[in-house]
Amino acid sequence: MWVISILFAQLVFFSLFVFGIKEIYIVTMEGDPVISYKGGVPGFEATAPISDEKIDTTSELVTSYAKHLESKHDMLLGMLFDGGTYKKLYSYRHLINGFAVHLSTDQADILRRFPGVKSVERDWKVRRLTTHTPQFLGLPTEVWPTGGGFDRAGEDIVIGFVDSGIYPYHPSFAIHNDGPYRPLPKYKGKCEVDPDTKRDFCNGKIIGAQHFAKAAIAAGAFNPTIDFASPMDGDGHGSHTAAIAAGNNGIPVRMQGHEFGKASGMAPRARIAVYKALYRLFGGFVADVVAAIDQAVHDGVDILSLSVGPNSPPATTKTTFLNPFDATLLAAVKAGVFVAQAAGNGGPFPKTLVSYSPWITSVAASIDDRRYKNHLTLGNGKILPGIGLSPSTHANQTYTLVAANDVLLDSSVMKYSPSDCQRPEVLNRNLVEGNVLLCGYSFNFVVGTASVKKVSETARSLGAVGFVLAVESVSPGTKFNPVPVGIPGIVITDVTKSMDLIDYYNISTSRDWTGRVKSFKATGSIGDGFMPILHRSAPQVALFSARGPNIKDFNFQDADLLKPDILAPGSLIWAAWSPNGTDEVNYAGEEFAVISGTSMAAPHIAGIAALVKQTHPSWSPAAIKSALMTTSTMLNRAGRPLQAQQYSETEATKLAKATPFDCGSGHVNPRAALDPGLVFDAGYEDYLGFLCSTPGIDIHEIRNYTNSPCNNTMGQPSNLNTPSITISHLVKTHTVTRTVTNVFDDEETYVITARMQPAIAIEVNPPAMTLKRGASRTFSVSLTVRSVTGSYSFGEVLMKGSRGHKVRIPVVAMGYWR
């Protein structure tokens, strides 16, 4: 029982008169959460699992201890503050011990100074960070057959999605095309009922559906009209990510009267558990996200897919690895849950990652081999490239080009930005009908107040044969994704090509002295944009994909830990969409969308991890991560080194050889990941050792978030048994160790070699080792500074097995004289 001093009695008295602006705070308390409680509280037996495994959340021990923690949260708040002056939003009991509360800044200060309270942090926001990718990754021919075919791929594995919800009526999540799903007693989640339709969100494929918005509501950010007070996806993003990871196989993707192929998730038979904590306009709040993760682990998910990350490194804790969000995920991994998180979309600039910790698998985004291109052929013979998922104009026929600004009904409509072609009522149908309408790509398209879809609708309603959207200026980093439209249409994204079009149009168009057009003589035709072009140069690291080095604190100091971990498809990904979704204006009302982002890459890894988990149900999250990383490839389909999109000096896109800071260990190879030969395993105690070994980290902060003292240390964080080696400050010679475990069915001998760029010498010991089935062996890697270049050097350790296994880990180091 807490002892209250006279000082705190006075604080209670003064708290009755606290006024001020209220904020949401996440409070952590002394005392272990369920996942790490080993006993010691009278009347409550230990609840911590013996090893890194799932908690039996239905046991009386767990439920009674969880209620005990919650009652202590309520008692503390009730003792300190008058009823009505605060509102508790959540109690966190399973992964961290604490709560989220809405109260004033003065009340927060009182909490900070109270015995038993370890930290009080103001809540912060987070942001949201496939018809072809199964074939691109070899799933139908190389992976699904090993598990019994697509109709068994991911069987009984539960993937939890902390995202914007789901559109449960989409065919990607239906059950009528599949065999019946059997009951899954290991999963304890619940299904909310749609308050509008009164229909259950679950159907056997979708096995759980809950929403978390208490922090969003308390902050005044929640709009029930568009955000939906239910798991219903009001954005589209959540349906998209769920379908990528676990959508049904063979779902026709039909839009604008055209079929773009058949969609499938990576693990089409896996179950989907929805934990909605993201919303359309504002993203989400960490208090809601932590509650969603806590509930997901309590319910018994196997995999967590997180296409969400912070807006910036945490400023309060200073350490990127320690905050309520990452600490919750550490506890999730302790409970045996594999976590895939989007690396972020701040590329191609260095240190733009928003996924930092070693227990998380941080996923970068690649471009696969499918590209959609189109072209506009002008009457002067010039062919201008562009993008547009559209049909062609009639073969062997050209059409007159008319610019929107030249076909206005009167000059007064200029206030409506008519060149955007968003309002058909301001344009003269008599001049547009039967011609190709020329429009301008303004800033309105960037901010979402104008859309390619609306241009298509305007052109169609005016009787135009098609449309052209010319980009006359562009900001660095602007992404142009092809948009499916039902009439011929193209976006000319290259500014110089747009100038060619405008010059030709102006030369060909005669005007009177007032500038009014006397005759339209410019002509052109639009090609067929529906047919994709397959490139052997794939995969490539997408321009937007966030890059390393990883950082360990708010001051952007480099960490001795490689991020991102792995690369997966994330550009132009076809998948399910919510007709309610308004996140992408071009897909409003549609059931499918083709969009890009590391948000699309993370569920690829989540789905593939489900396949690995299905094949190896006893493997730890670290073993699954290791299997994915050590079997990945640094080569493209042509057998050449992976390339990464970068900016050139002129801000145009160029290609450079990819480094581990672009793609981690390389591009995922699902077939090889099922049989990796060796794994680099790690668990909760190893991650604690990593934290306790990180220079500059506050050991009291570690205890605050993990409820564990720094009794163990691995000497240096680079000794963490990850399938990568990173030394950010290498002086003279530095030696690290790694331990591998043979997960193959038989004994195997491995020859170990290493190579590094010339500035750093590398040596491994021993040069070979033989491991029996299930055996573990340790080897060392020594790095020595040869010359100081002021930049990182890259290399790899390669282990070749006598039974054909190849195990590769990246090595990254920067040398200093002292």
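Keep in mind that what you see is a predicted model, and the values were worked out from it rather than measured.

Conventions and cut-offs
- Residues numbered from 1 in each chain as written.
- Predicted model: local features only at pLDDT ≥ 70, side-chain atom pairs only at ≥ 80, totals over all residues.
- Heavy atoms only, no water.
- Helix = DSSP H or I, 4+ residues; strand = E, 2+ residues; numbered from the N terminus.
- Rg over C-alpha atoms; globule rule 2.2 N^0.38 Å.
- Buried < 20%, exposed > 50% of the residue type's maximum accessible area, 1.4 Å probe, protein only.
- Areas by Shrake-Rupley, 256 points an atom, 1.4 Å probe, with all protein chains shown as cover.
- Lys, Arg positive; Asp, Glu negative; His and termini not counted.
- Charge placed at Lys NZ, Arg CZ, Asp CG, Glu CD.
- Disulfide = S-S within 2.5 Å.
- UniProt positions renumbered as here; feature names shortened; annotations may be inferred.
- Phe/Tyr/Trp six-rings, centres within 6.5 Å; stacked < 30°, edge-to-face > 60°.
- Lys NZ or Arg CZ within 6 Å of the ring centre and 35° of its normal.
- Contact = heavy atoms within 4.5 Å.
- Polar contact = N/O pair within 3.5 Å; in protein donor to acceptor, adjacent residues only side chain to side chain.
- Pairing = 2+ DSSP bridges.
- Axes fitted to C-alpha atoms, helices over the stretch in contact; angles between N-to-C directions.
- Parallel < 35°, antiparallel > 145°, perpendicular 65-115°, else oblique.
- Nonpolar A, V, L, I, M, F, W, Y, C, P; charged D, E, K, R; others polar.

A.B. asks: With reference to specific residues and values, describe the overall build of the protein.
C.D. replies: Per the secondary structure count, the protein includes 20 helices and 41 strands. Since a compact globule built from 818 residues should have a radius of gyration of about 28 Å, the 28 Å found for the protein is in line with a globular shape. Taken along its principal axes, the extent of the C-alpha atoms in the protein is 90 × 70 × 60 Å. Among the 818 residues that make up the protein, the fraction classed as buried is 60%. Accessible surface, the protein as shown: approximately 31200 Å² in total, 52% of it carbon and sulfur. Separation between the mean location of the 73 positive side-chain charges and that of the 71 negative ones in the protein comes to 3 Å.

A.B. asks: Mind laying out the state of the cysteines, listing which residues take part and the relevant values?
C.D. replies: Tallied over the entire structure, the rule returns three disulfides. Here Cys191 is linked by a disulfide to Cys202, with a sulfur-sulfur distance of 1.7 Å. Since a negative S-S torsion denotes a left-handed disulfide, the Cys191-Cys202 link at about -90° is left-handed. Residue Cys191 is located in the loop between β6 (158-163) and β7 (206-211), and its partner Cys202 is located in the loop between β6 and β7; the two are separated by 11 residues in the primary sequence. A residue is classified by how much of its surface remains accessible, and Cys202, at 19% relative accessible area, is buried. One disulfide in the model links Cys421 with Cys439; its S-S distance is 2.1 Å. Disulfide Cys421 to Cys439: torsion about the S-S bond roughly -100°, handedness left-handed. One end of the pair, Cys421, is in the loop between β19 (399-403) and α11 (429-432); the other, Cys439, is in strand β20 (residues 436-441), with 18 residues separating them in the sequence. For Cys421, a relative accessible area of 1% puts it in the buried group. The connectivity of the disulfides in the protein is 1-2, 3-4, 5-6, where the numbers refer to bonded cysteines in sequence order.

A.B. asks: Describe the UniProt feature "domain: Subtilisin-like protease fibronectin type-III" (unreviewed entry) in the protein, with residues and values.
C.D. replies: Taken from the UniProt record, the annotation "domain: Subtilisin-like protease fibronectin type-III" (unreviewed entry) applies to residues 719-812. Secondary structure within residues 719-812 divides into 0% helix and 66% strand; the distance between the first and last C-alpha atoms comes to 13 Å.

A.B. asks: Help me get a handle on the packing of aromatic side chains, residues and values and all.
C.D. replies: Inspection of every chain in the model, using the stated rule, returns 17 aromatic pairs. Judged by centre distance (4.7 Å) and plane angle (15°), the ring pair of Tyr441 and Phe445 falls under stacked. With respect to burial, Tyr441 and Phe445 carry one shared label: buried. A centroid spacing of 4.9 Å and a plane angle of 85° characterise the contact between Phe661 and Tyr792, whose relative ring orientation is edge-to-face. With Phe661 in helix α17 (residues 660-663) and Tyr792 in the loop between β39 (776-785) and β40 (793-801), the pair connects residues that are 131 residues apart, well separated along the chain. Within the aromatic cluster, the residues linked to one another by ring pairs are Tyr90, Tyr92, Phe212 and Tyr275. Its guanidinium or amino end placed over the ring of Tyr181, Arg269 lies 3.9 Å from that ring's centre, counting from NZ or CZ. A cation over an aromatic ring shows up here: Lys334 above the ring of Tyr684, its NZ or CZ 4.4 Å from the ring centre.

A.B. asks: Tell me about the environment of Ala340, and please be specific about residues and values.
C.D. replies: Locating Ala340 in the fold gives a position in strand β14 (residues 338-342). Take Ala340: its relative accessible area is 0%, and that puts it in the buried class. Spatially, the C-alpha atom of Ala340 lies 6.0 Å from that of Leu306, the residues being 34 residues apart in sequence. Excluding residues that lie within four positions of it along the chain, Ala340 makes contacts with Leu304, Ser305, Leu306, Thr361, Val363, Ala602, Ile605 and Ala606.

A.B. asks: Please provide a residue-by-residue account of the UniProt feature "active site" (unreviewed entry) in the protein, values included.
C.D. replies: Within the UniProt annotation, "active site" (unreviewed entry) is assigned to Asp163, His237 and Ser599. Across 437 residues, the annotated set stays spatially compact, with a maximum C-alpha separation of 9.9 Å. Relative to the helices and strands, Asp163 is located in strand β6. A relative accessible area of 2% places Asp163 in the buried class. If we skip the residues at most four places from it in the chain, Asp163 touches His237, Gly238, Thr241, Tyr275, Lys276, Ala277, Leu278 and Ser307. Summarising the element assignment, His237 is placed in helix α8 (residues 237-246). Within the structure, the side chain of His237 is placed 2.7 Å from the side chain of Asp163, a separation counted as a polar contact.

A.B. asks: Provide a residue-level description of the pairing of strand β36 (residues 748-756), including the pertinent values.
C.D. replies: On a regular strand, each side chain points to the face opposite its neighbour's, so the side chains alternate between the two faces of the sheet. By the bridge criterion, four bridges tie β36 to strand β38 (residues 768-771) in an arrangement that is antiparallel. Among the inter-strand pairings, Val751 is bridged to a residue of β38, identified as Ala768. Bridging between β36 and β40 involves seven bridges; their strand directions are antiparallel. Across the sheet, the residue bridging to Thr753 is Leu798, located in β40.

A.B. asks: Give a description of the packing of helix α9 (residues 286-299) against helix α10 (residues 324-334) that names residues and reports values.
C.D. replies: Where α9 meets α10, the closest approach of the two axes is 10 Å, and the angle between their N-to-C directions is 5°. The angle between α9 and α10 places the two elements in the roughly parallel class. Contacts from Val286, Val289, Val290, Ile293 and Val297 of α9 reach α10 at Pro324, Phe325, Thr328, Leu329 and Ala332. A breakdown of the residues in the contact of α9 with α10 according to their chemical character gives nine nonpolar, one polar and no charged.

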